[in-house]
Amino acid sequence: MGDVLPVPHALVPGSNTDDSVDVRDVFAARLPAAIQGRQPTHPAAIERYEGLPAFGLVRHAADVIPHRVAVIYGERSWTYEELNYDIVRCAAMFQAYGIGPGDRVAVLLPNVPEFIVTANAVWRAGGVTVALSPLMAAEEIDKLVDQTGCKVIVTLDMLAHLLAPCQAKLDHTFYVSIREHLPAFKQIGYLWMRQQRLGMWSLPADHAHHWLREEIANTQREWKPVPINPHTDPAYILPTGGTTGVPKAVTLSHENMVANAWQQLLWTRRRFAEDTMLAVLPFFHSYGMSAMVMGGAAMGATLVLHHRFNVRQVISLMVQHRPTVLHAVPAMLAAMNERLDDYPADLKSVNWVISGGAPLDADIAETFASHCGGLVVEGFGLSEASPVTHVGDLYAEPCYGTIGFPLPETQCRIVDEHGGLDDLGCGVVGEMVVRGPQVMLGYWRDAERTQAAIEDGWLRTGDLASRDRSGRYTIVGRKKDLIITSGFNVYPVEVEAVLQTADGVAEAAVVGQPDELRGEVVKAIVVLKPGATWDENVLREHCKMHLSKHKQPRVYEQCQGELPKNFLGKVIRRKLRESESENLPGASS
């Protein structure tokens, strides 16, 4: 039957108490009708995900398509055979430094080849990769290093200053430099920029500080295989905000990650060794890791890497390398539309554009589709689900405003947001819950919050959604006060805690403000102490010192009265979102 997947036994009518419900409508643990029955186009793609460790996707590609280009970055390229060789050598080097099963290794890198090498090498050594964002503040990195017990970190040399608070806690720091990938005439400029940022021309080189590429090249050790249980062993930890202000560390198993890549492979009709992906979405974000690092390897695709989104450079790379697949967030597509409206470019190589991270406006989608000629669809996911759970049909006309269908072997229900797991049926708004092989192991060493998030295998997404008769899902809102800006999660209490430490601030509340490009932006409403003077620039600098860039408020508003609160004294953010500035007592911008 090719891509047609059997409905899990527990959901077969007559096998349990759900036998009175139309499984096809309710759970959609299958492909949409437009894709059912299609046969794989290439026999070399992986058949299943069970039993495969996270590094197994690159290993498989190296075995069956060794000479296909895996990665392009700058002027260099690596075949899958070369990439896998670097990974094995790096794993052997890590083992020589004592990294073994269960050890956590933090990775603080942009989209460079070393990210892919490092993550896979840690997995080969039996360790757990911990994702750190270059957008984080130093104190946020310090907290996550403490929380996960990292003793080793691989970082970009330009970001070394962010490790100052945690440096004494680390046994080893491995440096990576973009300089190595630059033409000779640009290397001097890179060194000057590094000196301006770090205040030094060279970085420490001693028993605790190393250059990753040199260590890989000089290692004399052979890689020693270690036992891995893909179903239960953690592979990847990534931070997500906490509604209590304490960040949660999502923990994904090897099977979680491979399963999500396999699900996306099936969604493409098992395309293998046929596609080129533009890889500009950050790998440290769950979307970038799953869709490109893992999904790209599962598809045997060529990844064209770029370390940051610059609209002119990205369009130039697309013209040069002719990608067939583009994963993006709406803000990226909007920025490219603006550029392409004035400076058209040949992007006709693009077959599929898959947008996630924030709601996709139909006008943005249609405009970009007109520029590239490809199909633009929207998907949905959350870090706790590795992250992808839904995607629009890649072989049908787009249905803007919906997130499409659940991926293969992903069950989905719309339930009462106040509790219970009974499906409410089509056309009813409720909380969306999902169950499948991509649902996380849990939050790192946090059983209480894990139990609150997962019930009987069902992950509560916190998103309010509805399902239509065709099986497509539409997100209509969120249960909690989560702000999603350009695909990044921001929890108000984290930002409020920082604002309330600023001089002159009595209290603050943070809400999301709708934004055409980013989905939402962070808005801060601040009450000053008596006698304090309003200075927005001071607040901006304070937040810049203590918060990741995406968490920093873009809009500030002064409220000279009191913030709306309930009888317990808790701020009612809903009223802040509903109110216009002039309706707030004494408000001014």
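This structure is a prediction, so every number in the text was calculated from the model and none was measured.

### Remarks on the packing of aromatic side chains
For the structure shown, the criterion picks out eight aromatic pairs. Between Tyr97 and Phe174 the ring centres are 5.4 Å apart and the planes differ by 80 degrees, which places this aromatic pair in the edge-to-face class. Of the two residues, Tyr97 is situated in the loop between helix H3 (80-96) and strand E3 (104-108) and Phe174 in strand E6 (residues 172-176); the sequence distance between them amounts to 77 residues. Judged by its relative accessible area of 29%, Tyr97 falls in the partly exposed class. Taken together, Phe94, Tyr97 and Phe174 form an aromatic cluster joined through their ring pairs. Note that Arg339 overlies the ring of Tyr343, its terminal NZ or CZ placed 4.0 Å from the centroid.

### Remarks on the packing of helix H8 (residues 254-267) against helix H9 (residues 286-298)
Running from amino to carboxyl end, H8 crosses H9 at an angle of 70 degrees, the nearest separation of the two axes being 9 Å. Between H8 and H9, the angle is such that the two are roughly perpendicular. Of H9, the residues touching H8 (which contributes Met257, Val258, Asn260, Ala261, Gln264 and Leu265) are Met289, Ser290, Ala291, Met294, Gly295 and Ala298. Looking at the contact of H8 with H9 residue by residue, the class counts come to eight nonpolar, four polar and no charged.

### As for H3
The terminal C-alpha atoms of H3 lie 24 Å apart, and with 17 residues this matches the ideal 24 Å at 1.5 Å per residue to within 8%. Taken together, the buried positions of H3 are Tyr80, Leu83, Asn84, Asp86, Ile87, Cys90, Ala91, Ala92, Met93, Phe94 and Gln95. One or two steps after H3, the chain reaches Gly98, where phi turns positive at roughly 90 degrees.

### A word on the pairing of strand E11 (residues 302-305)
Across the two faces of E11 the burial is the same, with Thr302 and Val304 and Leu303 and Leu305 all buried. Across two bridges, strand E1 (residues 69-73) lies against E11 in parallel orientation. Along E11, the bridge assignment pairs Val71 with Leu303. One ladder, built from four bridges, connects strand E10 (residues 276-279) with E11; its direction is parallel. Residue pairing in the sheet places Met277 in a bridge with Leu303 of E11. Regarding the hand of the β-α-β motif, the stretch spanning E10, H9 and E11 is right-handed.

### Quick notes on a nonpolar patch on the surface
Together, Trp192, Met193 and Trp201 give the surface a local cluster of nonpolar side chains, amounting to about 400 Å² of exposed area. Here Trp201 is to be found in the loop between helix H6 (184-198) and strand E7 (209-211). In this structure Trp201 comes out as exposed when scored by relative accessible area, which is 54%.

### Some remarks on the nonpolar core
Within the largest apolar cluster, 150 residues are counted, with the highest numbers of intra-cluster contacts made by Phe94, Trp123 and Phe368. Those residues within four positions of Phe368 in sequence are excluded, and the remaining contacts are Leu326, Leu333, Met336, Asn337, Leu340, Leu347, Val353 and Val376. In this structure, Ile483, Val522, Leu528 and Leu539 belong to the second largest nonpolar core, which totals 17 residues.

### Regarding the sheet that holds strand E27 (residues 555-558)
Strand order in this open sheet of three strands is E25-E26-E27, and the pairing throughout is mixed. The open sheet has two edge strands with one neighbour each: strand E25 (505-515) and E27. Mean inter-strand twist for the sheet, computed between neighbouring axes without regard to direction, equals 25 degrees. Each of E25, strand E26 (519-528) and E27 touches helix H14 (residues 492-499); the most contacted strand, E25, lies at about 140 degrees to it. In the packing of helix H15 (residues 536-546) onto the sheet, contacts are made with E25, E26 and E27, and the angle to E27 comes to roughly 130 degrees.

### Thoughts on the pattern of salt bridges
Scanning the entire structure with this criterion turns up 20 salt bridges. For the salt bridge of Lys169 with Asp142, the shortest nitrogen-to-oxygen distance reads 2.5 Å. Linking Lys169 in the loop between strand E5 (152-156) and E6 with Asp142 in helix H5 (residues 138-148), this pair joins segments that are 27 residues apart in sequence. Classification of Lys169 by relative accessible area gives partly exposed; the value is 28%.

### Things to note about the sheet that holds E7
Taken together, the eight strands give an open sheet; going across it, the order is E7-E6-E5-E3-E4-E8-E9-E19, and neighbouring strands pair in mixed fashion. Each having just a single partner strand, E7 and strand E19 (442-443) make up the two edges of the open sheet. Direction of pairing for E6 relative to E7: parallel, over a ladder of three bridges. Looking at the pairing, Thr173 lines up with His209 of E7. The sheet contacts of helix H4 (residues 113-124) involve E3, strand E4 (128-131), E5, E6 and strand E8 (234-240), and relative to E4 the element is tilted by about 140 degrees.

### Thoughts on the environment of Phe380
With respect to the element layout, Phe380 can be found in strand E14 (residues 375-381). Accessibility expressed as a relative area gives 13% for Phe380, which makes it buried. As a C-alpha pair, Phe380 and Pro406 span 26 residues in sequence and 9.1 Å in three-dimensional space. Sequence-distant contacts of Phe380, defined by excluding residues within four places in its chain, comprise Pro387, Val388, Thr389, His390, Ile403, Met432, Asp463 and Ile475.

### Let's talk about the environment of Pro113
Following the sequence through the fold, Pro113 ends up in helix H4. Residue Pro113 is classed as buried on the basis of its relative accessible area of 1%. Distance in space between the C-alpha atoms of Pro113 and His306 is 9.7 Å, their sequence separation being 193 residues. Discounting residues that sit within four places of it in the chain, Pro113 has contacts with Val71, Tyr73, Trp78, His181, Arg213 and Leu305.

### Some points on H5
An α-helical turn contains 3.6 residues, so a residue and the one three or four places further along point in the same direction. Residues of H5 that are buried: Glu140, Ile141, Asp142, Leu144, Val145 and Thr148. Residues of H5 that are buried in the fold lie against E3, E4, E8, strand E9 (248-253) and H15. Two residues or fewer after H5 comes Gly149, characterised by a positive phi angle close to 70 degrees.

### Regarding the packing of helix H2 (residues 56-64) against H9
Two numbers describe how H2 lies on H9: the axes approach to 8 Å, and their chain directions differ by 35 degrees. Helix-helix and strand crossings are classified by hand; for H2 and H9 the assignment is left-handed. In contact with Leu57, Val58 and Ala61 of H2, H9 contributes Met294, Ala297 and Ala298. Within the contact of H2 with H9, the residues separate by chemical class into six nonpolar, no polar and no charged.

### A word on the confidence of the model for the chain
Scored by pLDDT, the chain comes out at a mean of 88, with 89% of its residues at no less than 70. Taken together, the stretch residues 1-41 has pLDDT below 50 and engages in 85 contacts with residues farther than four places along the chain or on a different chain. Residue range residues 580-589 is modelled with pLDDT below 50. Its contacts to residues more than four positions away, or to other chains, number 21 contacts.

The rules behind these values
Residues numbered from 1 in each chain as written. Predicted model: local features only at pLDDT ≥ 70, side-chain atom pairs only at ≥ 80, totals over all residues. Heavy atoms only, no water. Phe/Tyr/Trp six-rings, centres within 6.5 Å; stacked < 30°, edge-to-face > 60°. Helix = DSSP H or I, 4+ residues; strand = E, 2+ residues; numbered from the N terminus. Buried < 20%, exposed > 50% of the residue type's maximum accessible area, 1.4 Å probe, protein only. Lys NZ or Arg CZ within 6 Å of the ring centre and 35° of its normal. Axes fitted to C-alpha atoms, helices over the stretch in contact; angles between N-to-C directions. Parallel < 35°, antiparallel > 145°, perpendicular 65-115°, else oblique. Contact = heavy atoms within 4.5 Å. Nonpolar A, V, L, I, M, F, W, Y, C, P; charged D, E, K, R; others polar. Expected span 1.5 Å × (residues − 1). Pairing = 2+ DSSP bridges. Right-handed = clockwise from strand over helix to strand, strands pointing away. Patch = residues over 30% accessible without salt bridge, like charges linked within 9 Å, V, L, I, M, F, W, Y side chains within 5 Å. Areas by Shrake-Rupley, 256 points an atom, 1.4 Å probe, with all protein chains shown as cover. Salt bridge = Lys/Arg side-chain N within 4 Å of Asp/Glu carboxyl O. Core = buried A, V, L, I, M, F, W, Y, C linked by side-chain atoms within 4.5 Å. Left-handed = near helix turned anticlockwise from the far one by under 90°. pLDDT = per-residue confidence, 0-100.

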